[in-house]
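Inside the fold
Residue-level listing of the chains:
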Amino acid sequence: MTSVSAEPRNTDGPTPATAPTGGSAAQRERRRRILDATITLAAEGGFDAVQMRAVAEQAEVALGTLYRYFPSKIHLLVSALAREFTKDVERSAVRATPGDTAHERIMYVLNRRTRALQKQPKLTEALVRAFMFADQSVTGEIHEVGTSLTTVIARAMHGAPDHGEVTEEEAAIIRIISDVWLSALISWVTGRMDEQDVEKSIDVAVRLLLR
């Protein structure tokens, strides 16, 4: 299983997941349409529905153009997952996470993201499968996901939207929390856990790690 990376880093200011992707306005718009099409197809039919030709047609781009942006459906889906996490990063930068303790705040952000994913089971199945199948060619996209999750959890841990440096110890804690969260989500997708089991698994891990 691919691990969510969480290295010590500064979480104050732009992160790779929230920074502009570069290129012209037309290129950014084309990329947005491609990822929108990917999410639409995955939400309707799951992992198998995301075919490169179908994405190109839905996004109204040439198939060759699509391959220049994203070499495979795994790149497409992991990039779509990374974009979903940017919403959490942006939200955490402008408002404090509710909760009186680090445990409460971390559970708030993880539960919010988990419930949003569980509302779209086919999309979540596609995103999780892509993350599981990702290899070294998708390192950059995986890093974006990990960076976003690190930023959100670190800000929740400290209760500060402008929290800056993440220590090595904090990064280690966040890495384990992230991996437990991903593992629980995989168990839900594969029918081995229900919603309550997922929340309990994450809650136990967070509570133990923050002692």
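As a convention, each chain's residues are numbered from 1 in the sequence order in which they are written. Local features in this predicted model are restricted to residues of pLDDT 70 or higher, and side-chain atom pairs are both shown and tallied only at a pLDDT of 80 or more, whereas totals for entire chains, interfaces and linings draw on every residue. Excluding hydrogens and water, the side-chain figures rest on all heavy atoms present in the structure.

Moving on to the overall build of the chain. Every helix listed is a DSSP run of H or I at least four residues long, and every strand listed is a run of E at least two residues long, numbered separately from the N terminus. Along the chain, the regular secondary structure elements total nine helices and zero strands. Ordered by position from the N terminus, the helices and strands of the chain form the series α-α-α-α-α-α-α-α-α. The burial tally for the chain puts 47% of its 211 residues in the buried class. We call two residues in contact whenever any of their non-hydrogen atoms come within 4.5 Å of each other. Sequence-distant contacts in the chain: of pairs separated by 6 or more residues, those separated by 24 or more amount to 75%. As displayed, the chain has an accessible area near 10100 Å², and 51% of this comes from carbon and sulfur atoms. Remark: exposure states derive from per-residue accessible area (1.4 Å probe, protein chains only) relative to the maximum for the residue type, with buried under 20%, exposed over 50%, and partly exposed in between. Only the protein chains shown count as cover for residues, with accessible areas throughout obtained via the Shrake-Rupley method and a probe of 1.4 Å.

UniProt's entry tags residues 51-70 with the feature "DNA-binding region" (unreviewed entry), counted in the numbering of this structure. The straight-line gap between the two end C-alpha atoms of residues 51-70 is 12 Å; of that span, 75% is helix and 0% is strand. UniProt positions are given in the numbering used here, feature names are shortened, and annotations may be inferred rather than shown by experiment.

Here we take up the nonpolar core. If you look at soluble globular proteins, the nonpolar side chains tend to sit buried side by side. In this structure, Leu 66, Leu 76, Leu 110 and Trp 181 are the most contacted members of the largest nonpolar core, which totals 60 residues. For this core, the secondary-structure elements that each account for two or more residues are helix H1 (25-45), helix H2 (52-59), helix H4 (73-94), helix H5 (102-118), helix H6 (121-133), helix H7 (139-158), helix H8 (168-189) and helix H9 (195-209). Per element, the largest residue contribution to this core is ten residues, and it comes from H8. Within this scheme, the nonpolar core is defined by two criteria: the residues are buried Ala, Val, Leu, Ile, Met, Phe, Trp, Tyr or Cys, and they are joined through side-chain atoms within 4.5 Å.

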